[in-house]
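Listed here are the chains, written in short residue letters.
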Amino acid sequence: MKTIMLVCSAGMSTSLLVTKMESAAKAQAMDVKIFAVSEAESSRHFDSIDVLLLGPQVRYLKKKIEKAVEGKNIPVQVIESIDYGTMNGESVLAKALALL
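We now turn to the structure provided with this report. (Residues numbered from 1 in each chain as written. Predicted model: local features only at pLDDT ≥ 70, side-chain atom pairs only at ≥ 80, totals over all residues. Heavy atoms only, no water.)

1. Some words on the sheet that holds strand β4 (residues 76–78)
The 4 strands are arranged β2-β1-β3-β4 in an open sheet whose pairing can be described as parallel. In this open sheet, the two edge strands, each paired with only one partner strand, are β2 (32–38) and β4. Taking each pair of neighbouring strands and ignoring which way they run, the sheet shows an average axis angle of 25°. Here 4 bridges tie strand β1 (residues 2–8) to strand β3 (residues 51–54), and the two strands are oriented parallel to one another. Following the sheet pairing, V7 is matched in β3 by L54. On the sheet, helix α1 (residues 15–27) packs against β1, β2 and β3 and is oriented at approximately 175° with respect to β2. (Pairing = 2+ DSSP bridges. Helix = DSSP H or I, 4+ residues; strand = E, 2+ residues; numbered from the N terminus. Axes fitted to C-alpha atoms, helices over the stretch in contact; angles between N-to-C directions. Contact = heavy atoms within 4.5 Å.)

2. As for the pattern of salt bridges
Under the counting rule described, the total for this entry stands at 5 salt bridges. The closest approach of N and O atoms between K72 and D47, which form a salt bridge, is 2.7 Å. In this pair, K72 sits in the loop between α3 (62–68) and β4 while D47 sits in the loop between α2 (39–42) and β3, placing the two residues 25 residues apart along the sequence. In this structure, the salt-bridge partner of K95 is E80, at a minimum N-O distance of 3.2 Å. One end of the pair, K95, is in helix α5 (residues 89–98); the other, E80, is in the loop between β4 and α4 (81–85), with 15 residues separating them in the sequence. Of the residues examined, K95 reaches a relative accessible area of 37% and is grouped as partly exposed. Owing to a relative accessible area of 42%, E80 belongs among the partly exposed residues under this scheme. (Salt bridge = Lys/Arg side-chain N within 4 Å of Asp/Glu carboxyl O. Buried < 20%, exposed > 50% of the residue type's maximum accessible area, 1.4 Å probe, protein only.)

3. Remarks on the packing of aromatic side chains
Counted by the stated rule, this structure contains 0 aromatic pairs. In this arrangement the basic side chain of K33 is found over the ring face of F35, its NZ or CZ atom lying 5.4 Å from the centre. (Phe/Tyr/Trp six-rings, centres within 6.5 Å; stacked < 30°, edge-to-face > 60°. Lys NZ or Arg CZ within 6 Å of the ring centre and 35° of its normal.)

4. Side note on the side chain of T14
Position of T14 among the secondary structure elements: in the loop between β1 and α1. Residue classification places T14 among the buried residues on the basis of a relative accessible area of 0%. Setting aside anything within four residues of it in sequence, one finds T14 in contact with L6, C8, A36 and Y84.

5. Description of the environment of L61
Among the structural elements, L61 can be located in the loop between β3 and α3. By relative accessible area, which is 5% here, L61 ends up buried. Note: C-alpha distance between L61 and V78 (17 residues apart in sequence) is 9.4 Å. Setting aside residues up to four positions removed in sequence, L61 forms contacts with E39 and L54.

Right, here's the structure in full:
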């Protein structure tokens, strides 16, 4: 099972996107765990995730988080604004899995 963590300001705006991603994963019979957290609590999960996605509104955290996960082999990527704005869970899921 692969674990994907989404990070945003408060962990709430990504909740709908998580739901859409979970639906896309279920439709493809994929065994993934997807969850969203705020930036403040993200570091608690670094040892249990495979991919970290940042909401577009917190793209400024990318370098800071990449440094924090250095050596853990966790890809960090900003979710594309168009996918985020349209809540395209299928596209975000595909891009997250492509990072692995």
